[in-house]
Amino acid sequence: MDSLRIPILKIGDILIASIQVALHDASAVQFKDDLLQKVHDTRAKGVIIDLTAVDVVDSFIGRLIADIAAMAGLMGTRVVLTGLQPAVAITLVELGLELPRVLTALNLEKGLIVMQRLTEESGDAAV
Amino acid sequence: MLQSKTAVIRSDLDIVIARTMARDSAKLLGFGAIDQARIATAVSELARNIFLYAGTGTVTVREVEKPGRKGIEIVCEDQGPGIANIDVVMQDGYSTSRGMGMGLPGAKRLMDDFSIRSQEGVGTTITCRKWRT
């Protein structure tokens, strides 16, 4: 069956994906593939994944987010996770998934500031 | 008394249906937002285990009571291969699949009471409860 596609928007050098629906496993995996392909196609310097509208992150989705951050990192792109609800943050830690290597910001606005700083730091020296 | 509800797990879509059902029931029973998320996440883990290891099974949600307290009970049943060594699967990080091994111990931490009955070749029943504070 067709899985649901999460829209990925490009603003300047940054990709933004806001997850607005309850992800089932297949659509989450599809999202990972779509996002990494789009990073490659657009040469984005950063990716923001906004979870403001997500009310459950279980171990499968948590691991997938950690994987996306690691994979994008290998491609030279930073990932910032934004908008985690308090209940989601609590359940993730209680579940044992603290995502220590994933950068986070309180909301999309702060995420953009973090991303700006990161992409400036890495500079254009490598280009 | 809230009527008990059952979701049949056959695909990954049913995992979302089961956890939504559990969250809705928890909300109706007066659980707050954080406990709703704990209960929904625990059901997500347990329903995924059914899907991954047994293929099919059921998740039933019902209201429970003990003197002075009300709560929610989740029963996950399958006729899958069963669990040979329950102590081992309850260890953090133990996994036989593509998971992180967080499923069972994670679900246990999110709930108040947690018990597993399993027989190899017969199936597994996991019963867990969360009490309203």
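Residues numbered from 1 in each chain as written. Chains lettered and ligands numbered in written order. Predicted model: local features only at pLDDT ≥ 70, side-chain atom pairs only at ≥ 80, totals over all residues.

Let's talk about the overall build of chain B
Looking only at helices and strands, chain B features 4 helices and 5 strands. For chain B, the N- to C-terminal ordering of α and β elements is β-α-α-β-β-α-α-β-β. Taking 133 residues into account, the globule formula puts the C-alpha radius of gyration at 14 Å, and chain B, at 14 Å, falls close to it. Residues classed as buried in chain B amount to 41% of the 133 residues present. For chain B, long-range pairs separated by at least 24 residues make up 61% of all intrachain contacts whose partners lie at least 6 apart in sequence. (Helix = DSSP H or I, 4+ residues; strand = E, 2+ residues; numbered from the N terminus. Rg over C-alpha atoms; globule rule 2.2 N^0.38 Å. Buried ≥ 20, exposed ≤ 12 C-beta atoms within 10 Å, placed from the backbone. Contact = placed C-beta atoms within 7 Å.)

Digging into the interface of chain B and chain A
Taken together, the contacts link 23 residues of chain B with 19 residues of chain A. Those elements that provide at least two residues to the side of chain B that touches chain A are helix H1 (12-28), helix H2 (33-54) and helix H4 (103-110) of chain B. Looking at which element gives the most residues to the side of chain B that touches chain A, the answer is H2 of chain B, with 9 residues. When the residues that make up the side of chain B that touches chain A are grouped by side-chain class, the tally is 10 nonpolar, 6 polar and 7 charged. (Nonpolar A, V, L, I, M, F, W, Y, C, P; charged D, E, K, R; others polar.)

A word on the sheet that holds strand S5 (residues 103-105) of chain A
All names here are of chain A. Spatial ordering of the open sheet is given by S1-S2-S3-S4-S5, a layout of 5 strands whose pairing is mixed. Looking at which strands have only one partner, the edges of the open sheet turn out to be strand S1 (8-11) and S5. Taking the axes of each pair of neighbouring strands and ignoring which way they run, one obtains an average angle of 25° across the sheet. Bridge count for strand S2 (residues 14-18) against strand S3 (residues 46-50) is 5 bridges, and the pairing is parallel. (Pairing = 2+ DSSP bridges. Axes fitted to C-alpha atoms, helices over the stretch in contact; angles between N-to-C directions.)

Description of unusual backbone geometry
Residues and elements named next belong to chain A. A positive phi angle, close to 55°, is found at Arg-43, a residue other than glycine. Among the structural elements, Arg-43 can be located in the loop between helix H1 (25-42) and S3. For Leu-99, which is not glycine, the phi torsion reads 45° and is therefore positive. Positionally, Leu-99 belongs in the loop between helix H3 (86-95) and S5.

Here's the deal with helix H2 (residues 59-74) of chain A
Residue and element names in this part refer to chain A. Across its 16 residues, H2 extends 22 Å between first and last C-alpha, which sits within 8% of the 22 Å expected from 1.5 Å per residue. Of all the positions in H2, only Ser-59, Phe-60, Ile-61, Gly-62, Ile-65, Ile-68, Ala-69 and Ala-72 are classed as buried. Phi turns positive one or two residues past the end of H2, at Gly-76, with a value near 90°. (Expected span 1.5 Å × (residues − 1).)

What about the packing of H1 of chain A against H2 of chain A?
Residues and elements named next belong to chain A. Across the interface, H1 lies against H2 with an axial gap of 11 Å and an inter-helix angle of 10°. Relative to H2, the element H1 lies roughly parallel. Side by side, H1 and H2 meet where Asp-25, Ala-28, Lys-32, Leu-35, Leu-36 and Val-39 of the first sit next to Phe-60, Ile-61, Leu-64, Asp-67, Ile-68, Met-71 and Ala-72 of the second. (Parallel < 35°, antiparallel > 145°, perpendicular 65-115°, else oblique.)

Some remarks on the pairing of S2 of chain A
Successive side chains on a regular strand alternate, one facing one side of the sheet and the next facing the other. Relative to S2 of chain A, S1 of chain A runs antiparallel, the two sharing 4 bridges. Each residue of the ladder has a partner; that of Ile-11 of chain A, found in S2 of chain A, is Ile-14 of chain A.

Brief notes about H1 of chain A
Given a rise of 1.5 Å per residue, 18 residues ought to cover 26 Å, and the 26 Å separating the end C-alpha atoms of H1 of chain A matches this to within 8%. Every buried residue belonging to H1 of chain A is among Asp-25, Ser-27, Ala-28, Phe-31, Leu-35 and Val-39 of chain A, and all of these are buried. For H1 of chain A, the angular spread of the buried residues around the axis is 165°, confining them to a single face. Away from its buried face by more than 90 degrees, H1 of chain A exposes Asp-33, Gln-37, His-40 and Asp-41 of chain A. Against the buried residues of H1 of chain A lie S1, S2, S3 and H2 of chain A together with H1 of chain B. The first or second residue beyond H1 of chain A is Arg-43 of chain A, which carries a positive phi of 55°. (Arc of directions from axis to C-beta.)

Some details on the environment of Val-47 of chain A
All names here are of chain A. The topology assignment puts Val-47 in strand S3. Given 24 C-beta atoms within a 10 Å radius, Val-47 is considered buried. If we skip the residues at most four places from it in the chain, Val-47 touches Leu-15, Leu-35, Val-39, Ala-72, Thr-77 and Val-79.

Describing the pairing of strand S4 (residues 113-119) of chain B
In the sheet, S4 of chain B pairs with strand S5 (residues 123-131) of chain B via 7 bridges, with the strands oriented antiparallel. Bridging from a neighbouring strand, Arg-117 of chain B pairs with Thr-125 of chain B of S5 of chain B.

Things to note about the confidence of the model for chain A
Mean pLDDT over chain A works out to 91, with 94% of the residues at or above the 70 mark. When pLDDT is averaged over each helix and strand of chain A, the minimum, 90, is found for helix H4 (residues 108-122) of chain A and the maximum, 97, for S3 of chain A. (pLDDT = per-residue confidence, 0-100.)

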